[in-house]
Amino acid sequence: MKKETQIEVEQKLAEGRKKGEAELKEALTNLDKHRADTIKALDSQISALIRNMKRVCWPYYDPDFDSLTERINGPACIVTIDNESLEDCTIVKIDSINKQDLLLEVVQVLTDMNLTILKSYVSSDAGWYMDVFHLKDEFGSKITDQRIMNCIQQAIGANRDTALKSKARNSLESHPGRPKAIEMTGKDRPGLLSEISAALADLHCNIVEAHPWSHNARLACVAYISDQSMETPIEDHRLHAIEDHLTTVLRANTTWDENASQQEVKPAVIPMEKLGTMTNVERRLNQLMLSVRDFDGPSQALTANSITMGSDSDEDERKKASVSIESCNEKGYSIATIQCKDRRKLMFDTVCTLTDMQFVIFHASIDSRGGCGHQEYFIRHINGCVLNTESEKERVVKCLEAAMVRRVCEGVRLELCACNRAGLLSDITLVLRENSLAVVRADTVTHGEKAVNAFYVRDISGNNVDINFIKSMKREMGAIDLGVKDETTIIRPTSSGRSNFSIGYMLKSQIERFSHNFVAI
């Protein structure tokens, strides 16, 4: 047998290498083709799943936006406004790549525009956020104002980040000496707001805005303060001294075993781009109330008067008010169900609470038609766990109960409008305190040279406030304007036997002593 030469061996090796490279190239081509076919098949399957999910979760499904490629490469958020499908309300549909807390952002935007959410369906599983809102404007009608529609598109749609940055930049440019925002938490007591406002007046500070909430003997307050001249911003070192002094006022009647560490004053934790809207202040107030555990207390029974607004004949509504937690083991969710008489911003407050408790809302169904609020949330903890123990469920129930009632005030709403000046809030709250009226919630805002003050007050001894007494007090004030509004169920005549004339005259004379420049609202 002829022995192969080295040249022949090298030729055969070259041929074998060439053949192997050709086979490898063909295999790679086939693999690329198979990969492309697989991706196409997966795209088709995922799109079909999304369409099926939307048909289940979305009564008003829009089939024009169902391509996976379009979702990834297209706008991050699509907002569709439909004014044709329903006669009595406007439908807003949102389709977006999901991100944490997106539902809260959307609800907050709608709430900030004074829009009423009649109905809502939410689904944010599998990386997508899909939502439908049935909305009415602040007058109870369909949204016909094109400016409001544009605001919804801008605030929720693809340009929302640009809008926030622009708002923050404009705010900084228009208010170079903007007031400082501070927040206070602590144990509430009668006359505390009067003590705080008096302390700020003594420190030569002007209260530009103040928004205190009181619930279950806890206080949370966000305030904007400036130098008494209202022209010079407060420097940081002075702000620290103000915070220390106010903390001392908060802790005046507190011992360390009462958790005095929760009673403090510090700069408000509100992002710069979110300053200037009431819902952001209320968002922070909800957080502060949760942090001081206002859900712990004796008034959490949902049959209490504070849970409803209406007449005493609403006993059936009080019995219907409830919060329950169930388990959906098949899907791995906990289901939080809320049933109560509807009120403004109810969804905003409950979504705030679930978000602050570190829960992710995957699906939700909201229906507030007919004055009855029914909310159902499919939730998991941010770590992926559901509520397994009774103690976990009980805590969520108590926190949602607190969210339902902390905004509902036990008292009479008083509205005062006056020419703004340093110490005005201190003077007004002192008069209320000296006449045995405790402030349970307030919103004080200055507009140029005018200060608008709204107070919810109740009898300092815990008795119900007689609305007729307040109205007679208003009549006795004469030229001093005082608006009175009865908004709660607990305003009933009291048999305390107090002299309406003497207290009303005292209130009138004391306010006149402090200021003669009240004007009509």
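Residue numbering note: each chain is counted from 1, following its sequence as written. In keeping with the predicted nature of the model, local features appear solely for residues at pLDDT of at least 70, side-chain atom pairs appear and are counted solely at 80 or more, and the whole-chain, interface and lining totals rest on all residues. Excluding hydrogens and water, the side-chain figures rest on all heavy atoms present in the structure.

- Within an unreviewed UniProt entry, the label attached to the protein reads ACT domain-containing protein ACR, and the organism entered is Olea europaea subsp. europaea.
- UniProt positions are given in the numbering used here, feature names are shortened, and annotations may be inferred rather than shown by experiment. The record in UniProt for the protein states the following under Function (unreviewed entry): "Binds amino acids."

**Considering the packing of helix H6 (residues 192–202) against helix H7 (residues 236–250)**
Point 1. To obtain each axis, a line is fitted to C-alpha atoms, and for helices this fit is confined to the stretch in contact; angles are then taken between N-to-C directions over 0 to 180 degrees. Only DSSP runs of H or I covering at least 4 residues are called helices, and only runs of E covering at least 2 are called strands; the numbering of each starts at the N terminus. Packing of H6 against H7 brings their axes to within 10 Å, and their N-to-C directions diverge by 155°. When the axes of H6 and H7 are compared, the pair comes out roughly antiparallel. Here the hand of the crossing between H6 and H7 comes out right-handed. From H6, Leu192, Glu195, Ile196, Ala199 and Leu200 reach across to H7, where they touch Ile242, His245, Leu246, Val249 and Leu250.
Point 2. Charged residues are taken to be Asp, Glu, Lys and Arg, nonpolar residues to be Ala, Val, Leu, Ile, Met, Phe, Trp, Tyr, Cys and Pro, and polar residues to be all remaining types, Gly included. A per-class count over the contact of H6 with H7 returns 8 nonpolar, 1 polar and 1 charged. Under this scheme an angle from 65 to 115 degrees is roughly perpendicular, one under 35 degrees roughly parallel, and one over 145 degrees roughly antiparallel; angles in between are oblique. By convention the crossing between two helices is left-handed if the near helix lies anticlockwise of the far one by an angle smaller than a right angle, and right-handed if it lies clockwise. Whether two residues touch is decided by their heavy atoms; if any such pair falls within 4.5 Å, the residues are in contact.

**A short note on helix H4 (residues 146–156)**
Point 1. Using a 1.4 Å probe on the protein chains alone, a residue whose accessible area is under 20% of its type maximum counts as buried, one over 50% counts as exposed, and one in between counts as partly exposed. Of the residues making up H4, those classed as buried are Met149, Ile152 and Ile156. The buried residues of H4 occupy one face: seen down the axis, they fall within an arc of 60°.
Point 2. Capping the start of H4 is the job of one residue whose side-chain oxygen sits 2.9 Å from the backbone nitrogen of Arg147: Asp145. As used here, the arc belongs to the directions running from the helix axis to the C-beta atoms. Polar contacts, as counted here, are pairs of nitrogen or oxygen atoms within 3.5 Å of one another; within protein the pair requires one atom able to donate a hydrogen and one able to accept it, and residues that are adjacent in sequence qualify only if both atoms are side-chain atoms.

**Considering the side chain of Ser194**
Point 1. Following the sequence through the fold, Ser194 ends up in helix H6.
Point 2. With residues near it in sequence (within four places) discarded, Ser194 still touches Thr429, Leu430 and Arg433.

**A closer look at the packing of aromatic side chains**
Point 1. Pairing of aromatic side chains requires ring centres within 6.5 Å, counting the rings of Phe and Tyr and the six-membered ring of Trp. Pairs whose planes differ by under 30 degrees are stacked, by over 60 edge-to-face, and all others tilted. Inspection of the entire model under this criterion finds 2 aromatic pairs.
Point 2. Pairing Tyr333 with Phe362 gives two aromatic rings, centres 5.5 Å apart and planes at 45°, and the pair type is tilted. A residue pair is termed long-range when its members are at least 10 positions apart, and Tyr333 in strand E10 (residues 333–341) and Phe362 in strand E11 (residues 359–367) qualify at 29 residues.
Point 3. Taking the relative accessible area as the measure of exposure, Tyr333 reaches 6% and is therefore buried.
Point 4. Judged by its relative accessible area of 14%, Phe362 falls in the buried class.
Point 5. An aromatic cluster of three or more residues is present, and its members are Tyr333, Phe362 and Phe378.
Point 6. The criterion is that NZ of a Lys, or CZ of an Arg, lies within 6 Å of the ring centre and within 35 degrees of the ring normal, and then a charge sits over that ring. The aromatic ring of Phe362 is capped on one face by Arg380, whose charged end is 4.6 Å from the ring centroid.

**Regarding the pairing of strand E7 (residues 218–227)**
Point 1. Most of E7 sits out of view: 9 of its 10 residues are buried.
Point 2. Sheet topology places strand E5 (residues 180–187) next to E7; 8 bridges connect them, and they run antiparallel. The residue bridging Thr185 from the neighbouring strand is Ala220, located in E7.
Point 3. Note that strand E6 (residues 205–215) and E7 share 10 bridges and pair antiparallel. Note that in E7 the partner of Ala210 across the bridge is Ala223.
Point 4. Taking the residues between adjacent antiparallel strands as the criterion, E6 and E7 are bridged by 2 residues, where Asn216 takes a positive phi near 55°. When DSSP finds two or more bridges between two strands, those strands count as paired.

**Comments concerning the pattern of salt bridges**
Point 1. For this analysis, a salt bridge means a side-chain nitrogen from Lys or Arg found within 4 Å of a carboxyl oxygen belonging to Asp or Glu. Taken as a whole and judged by the stated rule, the model has 19 salt bridges.
Point 2. Its salt-bridge partner being Lys180, residue Asp236 comes within 3.7 Å of it at the nearest N-O pair. Residue Asp236 is located in helix H7, and its partner Lys180 is located in strand E5; the two are separated by 56 residues in the primary sequence.
Point 3. Linking Asp296 and Lys398 is a salt bridge whose minimum nitrogen-to-oxygen distance equals 3.0 Å. Of this pair, Asp296 sits in the loop between helix H8 (278–291) and helix H9 (315–320) while Lys398 sits in helix H11 (residues 390–405); the two residues are 102 residues apart in sequence, bridging distant segments of the chain.
Point 4. Given a relative accessible area of 25%, Lys398 falls into the partly exposed group.

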